[in-house]
Amino acid sequence: MVVGEMPEGVDMLVVGGGPGGYTAALASARLGRKVVLVDADGPAGLGGVCVNVGCIPSKALIELATSVHDRAEWATRGLPQPGTQIDMVAFQAWKSAIVSKLNGGVRNLLTTAGVEIHTGYFRFSRPDQGVVERSDGPPRHLQFTSCILATGSRPVQLAILPRDGTRILDSTDVLALTALPRSAAVIGGGYIGVELGTALAKLGVEVSIIEAEPSLLPGIGCQAGDLVAKRLRAMTASVLTSTTVTGDDGHRLTLETSTGTEHLDVEIVVVAVGRLPNTDDVGLDTVGITTGARGLLSVGPDRLVTKRIAAIGDITDGPALAHKASAEAHVAAEALSGHRAEFNPLTIAAVVFSDPEVATTGLTIDDAIAAGYTADTAAFPVAASGRAQTLADDLGATHWTFDKESGVVLGAQIIGPHATELISEASIAVEMGANLEDIASTIHPHPTMSETLAEAALVGLGRPIHVSRRR
Amino acid sequence: MPDVGEGIAEAEVVQWLVAAGDAVTEDQAVVVVETDKSQVELPSPFAGTVADLHADVGDIVKVGAILISVHTGVDAPAANTSPTAHGQPQRRLASPSTRRLAVTLGVDLAAVTATGPHGRVQADDVRAAAEAPQETPATHRKALQDTVITLRGLRRQIAKSMTQSLQIPHVTEFREIDASALLTARTILKARIEGDGIRLSVLPFLVKATARALTRHPSFNATYDAEREEITQYGAVNIGIATATDDGLIVPTVREVDRLTLREVAVEIDRVAELARTRSASPDQLGGAGFTVTNFGSFGTWLGTPIIRHPEVAIAGFGRIRDQVIPVDGQPAVRPVLPIVVAADHRINDGAHLAALVGDIAEALQQPLLLLD
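In this report, the structure presented in the accompanying data block is examined. Each chain carries its own residue numbering, running from 1 in the written order of its sequence. Labels follow written order: the first chain is A, the first ligand is 1, and so on. Only residues with pLDDT of 70 or above have their local features reported here, since the model is predicted, and side-chain atom pairs are shown and tallied only from 80 upward, although totals for entire chains, interfaces and linings are computed over all residues. Hydrogens and water molecules were not included; the side-chain quantities draw on all heavy atoms of the structure.

### Notes on the overall build of chain A
Then, number 1: Secondary structure elements are taken from DSSP: a helix is a run of H or I of four residues or more, a strand is a run of E of two residues or more, and numbering for both begins at the N terminus. If you tally the helices and strands in chain A, you get 13 helices and 22 strands.
Then, number 2: Counting every position in chain A, which comprises 471 residues, the buried fraction comes to 52%.
Then, number 3: When the accessible surface of chain A is totalled, it reaches about 20,100 Å², and 54% of it is carbon and sulfur. Each residue is assigned to one of three classes by its accessible area relative to the maximum for its type, calculated with a 1.4 Å probe on protein chains only: buried under 20%, partly exposed between the two thresholds, exposed over 50%. What sets the accessible areas is the Shrake-Rupley method with a 1.4 Å probe; for residues, cover comes only from the shown protein chains.

### Description of the overall build of chain B
Then, number 1: Per the secondary structure count, chain B includes 9 helices and 18 strands.
Then, number 2: Two residues qualify as a contact provided that any one of their heavy atoms is within 4.5 Å of a heavy atom in the partner residue. Contacts in chain B between residues far apart in sequence, at least 24 positions, make up 60% of those at least 6 positions apart.
Then, number 3: Roughly 19,500 Å² of accessible area belongs to chain B as shown, and the carbon and sulfur atoms make up 52% of that amount.

### Quick notes on the packing of helix H6 (residues 203-216) of chain B against helix H9 (residues 351-366) of chain B
All names here are of chain B.
Then, number 1: Working convention: axes come from line fits to C-alpha atoms, limited for helices to the stretch in contact. Angles between N-to-C directions cover 0 to 180 degrees. Remark: H6 packs on H9, axes separated minimally by 8 Å, with the N-to-C direction vectors making an angle of 135 degrees. Between H6 and H9, the angle falls in the class oblique. Considering how the two elements wind past one another, H6 and H9 form a crossing that is right-handed. In this structure, H6 contributes Phe-205, Leu-206, Ala-209, Thr-210, Arg-212, Ala-213, Leu-214 and Arg-216 to the contact, and H9 contributes Leu-357, Asp-360, Ile-361, Glu-363, Ala-364 and Leu-365.
Then, number 2: Basically, the charged four are Asp, Glu, Lys and Arg, the nonpolar ten are Ala, Val, Leu, Ile, Met, Phe, Trp, Tyr, Cys and Pro, and anything else, Gly included, counts as polar. Broken down by class, the residue content of the contact of H6 with H9 amounts to 9 nonpolar, 1 polar and 4 charged. By definition in this entry, angles of less than 35 degrees are roughly parallel, angles greater than 145 are roughly antiparallel, angles of 65 to 115 are roughly perpendicular, and the rest are oblique. Take the far helix as your reference; a near helix turned counterclockwise from it by less than a right angle gives a left-handed crossing, and one turned clockwise gives a right-handed crossing.

### A word on the sheet that holds strand S21 (residues 397-403) of chain A
All names here are of chain A.
Then, number 1: Pairing between two strands requires that DSSP report at least two bridges joining them. Sheet architecture is open: 5 strands sit in the order S18-S19-S22-S21-S20, paired in antiparallel fashion. One side of each edge strand has no neighbouring strand; the edge strands of this open sheet are strand S18 (350-352) and strand S20 (375-381). Neighbouring strand axes in the sheet, compared pairwise and without regard to direction, differ in orientation by 10 degrees on average.
Then, number 2: Here S18 pairs with strand S19 (residues 358-362) via 3 bridges, running antiparallel. The partner of Ala-350 across the bridge, within S19, is Thr-360.

### Topic: the pattern of salt bridges
Then, number 1: By convention in these notes, a salt bridge is any Lys or Arg side-chain nitrogen within 4 Å of a carboxyl oxygen on Asp or Glu. Applying the stated rule across the entire model yields 33 salt bridges over all chains.
Then, number 2: Of the charged contacts in the structure, one is a salt bridge between A:Arg163 and A:Asp173, with a shortest N-O distance of 2.7 Å. With A:Arg163 in the loop between strand S7 (153-155) and strand S8 (168-169) and A:Asp173 in helix H5 (residues 171-175), the pair connects residues that are 10 residues apart, well separated along the chain.
Then, number 3: You can call A:Arg163 partly exposed: its relative accessible area is 41%.
Then, number 4: Note on A:Asp173: relative accessible area 14%, which makes it buried.
Then, number 5: In this structure, the salt-bridge partner of B:Asp247 is B:Arg279, at a minimum N-O distance of 2.6 Å. Placement of B:Asp247 in the loop between strand S12 (243-244) and strand S13 (249-250) and of B:Arg279 in the loop between helix H7 (262-277) and helix H8 (283-286) is noted, with a sequence separation of 32 residues between them.

### As for the pairing of strand S13 (residues 252-257) of chain A
Residues and elements named next belong to chain A.
Then, number 1: Residues of S13 alternate between two faces, with Leu-253, Leu-255 and Thr-257 buried on one and Arg-252, Thr-254 and Glu-256 left unburied on the opposite face.
Then, number 2: When strand S12 (residues 244-248) meets S13, the two strands line up antiparallel, connected through 4 bridges. Residue Gly-247 lies in a different strand from S13, and its bridge partner there is Thr-254.
Then, number 3: Linkage of S12 to S13, two consecutive antiparallel strands, is achieved through a turn of 3 residues, within which Gly-250 is found at a positive phi near 100 degrees.
Then, number 4: As defined by bridge partners, S13 adjoins strand S14 (residues 260-265) across 6 bridges and the pair is classed as antiparallel. Paired with Arg-252 across the strands is Asp-265, a residue of S14.
Then, number 5: Following S13, the chain reverses through 2 residues before pairing antiparallel with S14.

### So, helix H4 (residues 153-165) of chain B
All names here are of chain B.
Then, number 1: Multiplying 1.5 Å by the helix residue count minus one yields the expected span of that helix. Between its terminal C-alpha atoms H4 stretches 19 Å, which fits the 18 Å expected from 13 residues at 1.5 Å a residue.
Then, number 2: Residues Gly-153, Leu-154, Gln-157, Ile-158, Ser-161 and Ser-165 constitute the buried set of H4. Buried positions in H4, seen along its axis, are confined to an arc of 125 degrees and lie on one side of it.
Then, number 3: Residues of H4 that are buried in the fold lie against strand S1 (10-16), strand S3 (29-35), strand S8 (170-178) and S13. Within this analysis, the arc is defined by the directions that extend from the helix axis to the C-beta atoms.

### Topic: the environment of B:Ser95
Then, number 1: Within the secondary structure, B:Ser95 sits in the loop between strand S7 (68-71) and helix H1 (96-105).
Then, number 2: Linking B:Ser95 and B:Val121, residues 26 residues apart in sequence, is a C-alpha distance of 8.1 Å.
Then, number 3: Filtering out sequence-adjacent residues up to four positions away, B:Ser95 remains in contact with A:Glu431, A:Met432 and B:Arg120.
Then, number 4: Residues adjacent in sequence count toward polar contacts only when both atoms are side-chain atoms; beyond that, a polar contact is any pair of N or O atoms within 3.5 Å, and within protein one must be able to donate a hydrogen and the other to accept it. Among the polar contacts made by the side chain of B:Ser95, one reaches the side chain of B:Thr98 at a distance of 3.0 Å.

### Regarding the packing of aromatic side chains
Residues and elements named next belong to chain A.
Then, number 1: Two aromatic rings from Phe, Tyr or Trp, using only the six-membered ring of Trp, form a pair when their centres are within 6.5 Å; if the ring planes differ by under 30 degrees the pair is stacked, by over 60 it is edge-to-face, and anything between is tilted. The full count for this structure, using the stated rule, is 3 aromatic pairs over all chains.
Then, number 2: Judged by centre distance (5.0 Å) and plane angle (85 degrees), the ring pair of Phe-122 and Phe-124 falls under edge-to-face. Like Phe-124, Phe-122 is buried.
Then, number 3: Between the aromatic rings of Phe-124 and Phe-144, the centroid separation amounts to 5.8 Å while the plane-to-plane angle is 65 degrees, which identifies the pairing as edge-to-face. Highlighted residues: Phe-124 in strand S4 (residues 121-126) and Phe-144 in strand S6 (residues 140-149), separated in sequence by 20 residues. Phe-144 matches Phe-124 in its accessibility class, with the two residues each being buried.
Then, number 4: The structure contains a cluster of three or more aromatic residues connected by ring pairs, namely Phe-122, Phe-124 and Phe-144.
Then, number 5: In this scheme, Lys NZ or Arg CZ marks a charge over a ring once it lies within 6 Å of the ring centre and within 35 degrees of the ring normal. For Arg-77, the ring lying beneath its charged end belongs to Trp-74, and the centroid distance is 4.7 Å.

### A few points about the side chain of B:Thr223
All names here are of chain B.
Then, number 1: Note that Thr-223 resides in strand S9 (residues 222-225).
Then, number 2: For Thr-223, a relative accessible area of 11% translates into the label buried.
Then, number 3: Separated by 2.8 Å, the side chains of Thr-223 and Tyr-234 make a polar contact.
Then, number 4: Apart from the residues lying within four places of it in its own chain, the contact partners of Thr-223 are Glu-230, Ile-231, Thr-232, Tyr-234, Ala-289, Pro-311, Glu-312 and Val-313.

### Describing the interface of chain A and chain B
Then, number 1: Chain A puts 34 residues into the contact, and the matching count from chain B is 34 residues.
Then, number 2: Summed over both partners, the accessible surface that disappears when two parts come together, traced with a 1.4 Å probe, is what is meant by buried area. Both sides of the chain A and chain B interface together cover about 2,700 Å² of buried area, and 51% of this is carbon and sulfur.
Then, number 3: For the chain A face of the interface with chain B, the top three residues by lost area are A:Arg126, A:Arg340 and A:Met432, together amounting to 18%.
Then, number 4: The shortest N-O distance in the salt bridge between B:Arg99 and A:Glu431 comes to 2.4 Å.
Then, number 5: Where chain A packs against chain B, one counts 7 residue pairs in polar contact (both at pLDDT 80 or more).
Then, number 6: If you list the elements that add at least two residues to the side of chain A that touches chain B, you get strand S1 (8-15), strand S22 (409-415) and helix H11 (419-432) of chain A.
Then, number 7: Per-element tally for the side of chain A that touches chain B: the top contributor is H11(A), with 3 residues.
Then, number 8: Residue classes in the side of chain A that touches chain B are distributed as 16 nonpolar, 9 polar and 9 charged.

Read these as spatial facts, not as claims about activity.
So, in structure tokens, the structure goes:
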């Protein structure tokens, strides 16, 4: 303890301005708390990775890539071709405008709710205090009644491919490109690698996606990874599964594949091998809490790690997804404000803006069997949908996982056009405890992709219409 | 049972976090044990499948004894070969709003009688369960039955250490002082210090005055080893703060009190008391005190006889400050009066030494400006 340090009293301290942190600040303010939000980047950091360098800018890039790609595809279907070059500078201007609009929107919501925003790096110093390191002034000591920790995560770096920002890039760097490379290797075939790799391929970059597991998008099941790989290869991207990078000489990567050693000449290397929770440098030791496996904090259903500190988002167990963090933020704000609250969802949908799109919610068949259900699956192929034909996009299928005895749906996996939008109907069905009959009996409008959910339910009930009766 | 440090030879098993047949990863926490007043999670040194647990909850395990066996071989049964009964998952059908209602009303969904289709729990079912009488006549009868409680955990530790304290021949002195100046000092500093979000009770003054007296009488800032007939007098003034927690009495330590300002003592007492109350203090945050202060006045108690914590050699207790009629300049006057009690180990210090210590504590509390010295 330094003599003369005088902590300022804070009622509710929120650390981190991402989707978890700013939602926690707003929810706390609504519960009558006086909120201070600290973010290392201050107002510029509001919205976190999601708004600034993640979900939102990547979707902007994917929209551009899809438009470019579709323009060529639609040439054979009558679309006139303007024949100009891709203008990445114009793209960046458009993307930045979206980011600053959303970032400004969050700032406006927070200030309107009376939330004070502080800029600086926060570390705990005692169970009820912390220090904000500032570049423009002396450190600021805060003593809080309650604290919600939402420090998020950062991309994992590979020791053999340290990021340099010019040739070895992370996802953030890729989204800021103002010129396209001729070729790119994407290390990691999870959702981030697949999304970036697909976008670059559609923009005409010669892409190689390298994944250590035997398929892309490991863990989702339903051959999602294989279908995505099929489409990527059709765009002349190369998909190298069961492959790891073992070396780099500054121009050429050395790859270890199942058949031997190979070399790959690429202009840029994108490392997208996962994310690391930001729990290693927040002074957790002074609070008396330790992290578990992979640096994650273990929390109960009320999200509390101590009586006065809650943790939400990427620093806790579960998928590192913006919407999970936001949902946890409400629970943390309530639990720390004297209300009974629990985070107990049956579903946290995950969506991949790949081609075809992939989305999953609730249990997969393997999860369901492991949980003790007598479960089965029912699938309806996208190729049997009229709407898919008019979208000229018929790869994929809609799958339900359900309890055999009651027909209650336990989860869904959707691969195909608009899967990312369709998945929420499935989530509501699972959360509400709907059964296959409820879904099949709900009239779905024609012609839409949503019909595949009702059609797959009919398959599960043994009364399929637009596919032959399953054996 | 690994060595958890601080010379602790044994620990009590509080909770198993795994069962036989569970898969464990290296460093996964498998058991919670309670050592001398702190709870520690112990990690598995291996990855594999739990073959056997060698202690029950409540057992005392010596350092070096076997706690758990883990199959690490490839022939170990896989984790998912011990499935739950087929078709009997734990889930109750209920919509998110109904589940939220159950949490809000404190109702366990599993215990609710469901009236919806497919055994679905409806919102009204949850409300009915919440309104159902909680106490039946049967539970009233039960309340009349006698209960045998086995001493476990912290309670057992307290019982053990209090029995050790019984060997100490206590000599106890009492004194009352006029606390007017003390309360004035606190009022002046409180406005300033609490403006910074720090709570300022009289306790930091009591601790600070005690620390000042201990620097003048080091024979009380000590521990005594009766077997070796040795007294250890401490260079630093580290004071234990008796803290009531939900589980029982815990005494965390404020270190080097003589080097801290009053404000810092206030902050530090709050910090270590919070560590104690959340049971998150490590053994080294609890040990190392040469003297203990107990503020039983905070419970409203006028006077008590504190018990010395073995192996320490003295303890100071402070009663509730209350208005009394006392003579001032030959006239009756109403003044706030603070009772001071100090107990000492008579083997180490005599009544005359003790009177000198108590006198110095009293002096600084009657004239708090001396704390600036």
